[in-house]
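# A look at the structure
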Amino acid sequence: MFAIRRYTDADHPAVRDLFIRINRELAPPELRQAFERYLEVSLRDEIDRLADYYAEKQGSFWVAHDGGQFAGMFGLEGVGSVAAELRRMYVDPAYRKRGLARMMLEYAERICREAGTSALTLSTSELQQAALAFYRNAGYRLVREETGAAQSNKTVGGVIRRYHFEMDLR
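Residues numbered from 1 in each chain as written. Predicted model: local features only at pLDDT ≥ 70, side-chain atom pairs only at ≥ 80, totals over all residues. Heavy atoms only, no water.

### Comments concerning the pattern of salt bridges
Two side chains of opposite charge can pair, provided their charged atoms sit close to one another. Heads up, the condition is: In the sections that follow, a salt bridge refers to a side-chain nitrogen of Lys or Arg positioned within 4 Å of a carboxyl oxygen of Asp or Glu. In DSSP terms, a helix is any run of H or I states spanning at least four residues, a strand is any run of E spanning at least two, and both are numbered starting from the N terminus.
Summed over the entire model, instances satisfying the criterion amount to 17 salt bridges. Where Arg 5 meets Asp 11, a salt bridge forms, and the shortest distance between an N and an O atom there is 2.7 Å. In this structure, Arg 21 and Asp 92 form a salt bridge, with 2.6 Å as the shortest nitrogen-oxygen distance. With Arg 21 in helix α1 (residues 12-26) and Asp 92 in the loop between β4 (83-91) and α4 (100-114), this residue pair connects regions lying 71 residues apart in the sequence. Through salt bridges with shared partners, a single network forms among Glu 46, Glu 77, Glu 85, Arg 87 and Arg 88.

Structure (structure tokens):
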């Protein structure tokens with residue numbers, strides 16, 4: 001049975017490990033170096049300082065467990081504003097296809113509604129076809145597509161197409 005709770009510093013090794021594994025799994029061979037640079041930036045600017053990062057962004061970070069096993073995670077930026085952003089929603093491969101992603105998404109939406117946030121936004125890349133289908137099936141509306149030119153803790157940069165979605169939470 002899955003349980004979702006706020007991130008604590010004790011979760012850091014599992015969060016860091018899952019973040020690295022998923023991004024290495026996503027990296028096409030021709031973009032491996034770009035993904036390694038993206039990992040460095042993201043670890044430094046966000047993952048290795050989660051509590052501070054999400055506090056600065058009016059947000060929170062959450063983890064999911066199955067019994068005592070770490071199973072997934074997600075972050076929220078801008079909770080309580082007009083539109084919050086869902087970030088870093090990852091499910092450990094061992095727990096996929098068991099309803100955890102749906103559970104985490106519904107949990108994130110509830111947090112936002114309770115805080116008075118009227119919309120939840122998110123983005124994912126063309127490399128994450130299952131995520132694209134999942135968000136569409138969950139009722140998220142595609143609002144724009146882009147190719148991120150610059151590398152940051154939110155984009156690998158370069159040639160990867162990103163899709164931005166939104167859900168009205170009212």
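### Comments concerning the environment of Glu 46
Spelled out, the test is: Relative accessible area decides the class of each residue, using a 1.4 Å probe on protein chains only: under 20% of the type maximum gives buried, over 50% gives exposed, and in between gives partly exposed. Nitrogen and oxygen atoms within 3.5 Å of one another constitute a polar contact, given that in protein one can donate a hydrogen and the other can accept it, and given that sequence-neighbouring residues count only through two side-chain atoms.
With respect to the secondary-structure elements, Glu 46 resides in the loop between α2 (32-45) and α3 (50-56). For Glu 46, a relative accessible area of 0% translates into the label buried. As for Glu 46 and Asp 168, which are separated by 122 residues in sequence, their C-alpha atoms are 27 Å apart. Separated by 3.2 Å, the side chains of Glu 46 and Arg 87 make a polar contact. Polar side-chain contacts of Glu 46 include one of 2.8 Å to the side chain of Arg 88.

### Observations regarding the sheet that holds β4
How we decide: At least two bridges found by DSSP between two strands is the condition for calling them paired. To obtain each axis, a line is fitted to C-alpha atoms, and for helices this fit is confined to the stretch in contact; angles are then taken between N-to-C directions over 0 to 180 degrees.
Here 7 strands make up an open sheet; going across it, the order is β1-β2-β3-β4-β5-β7-β6 and the pairing mixed. Sheet topology places β1 (2-6) and β6 (141-147) at the edges, where each strand pairs with a single neighbour. Neighbour-to-neighbour, the strand axes of the sheet open up by a mean angle of 25°, direction not taken into account. Sheet analysis places strand β3 (residues 69-77) next to β4, joined by 5 bridges and oriented antiparallel. Note that in β4 the partner of Met 73 across the bridge is Tyr 90.

### Describing unusual backbone geometry
In this structure, Arg 88 takes a positive phi of about 50° despite not being glycine. Inspection of the secondary structure puts Arg 88 in strand β4. Phi is positive for Lys 97, which is not a glycine, with a value near 65°. With respect to the element layout, Lys 97 can be found in the loop between β4 and α4.

### Observations concerning the packing of aromatic side chains
In this description, a pair of aromatic rings is defined by centroid distance and the angle of the planes. Here is the rule: Only centres within 6.5 Å qualify two rings of Phe, Tyr or Trp (six-membered ring in Trp) as a pair; their planes then separate them into stacked at under 30 degrees, edge-to-face at over 60, and tilted for everything else.
In this structure the tally under the stated criterion is 13 aromatic pairs. An angle of 50° between the planes, with centres 6.2 Å apart, marks the rings of Phe 19 and Tyr 38 as tilted. With Phe 19 in helix α1 and Tyr 38 in helix α2, this residue pair connects regions lying 19 residues apart in the sequence. Comparing Phe 19 with Tyr 38, the two get one shared label, buried. Note on Tyr 38: relative accessible area 5%, which makes it buried. Each member of the aromatic cluster is reached from another via a ring pair, and the members are Tyr 7, Tyr 53, Tyr 54 and Phe 61.

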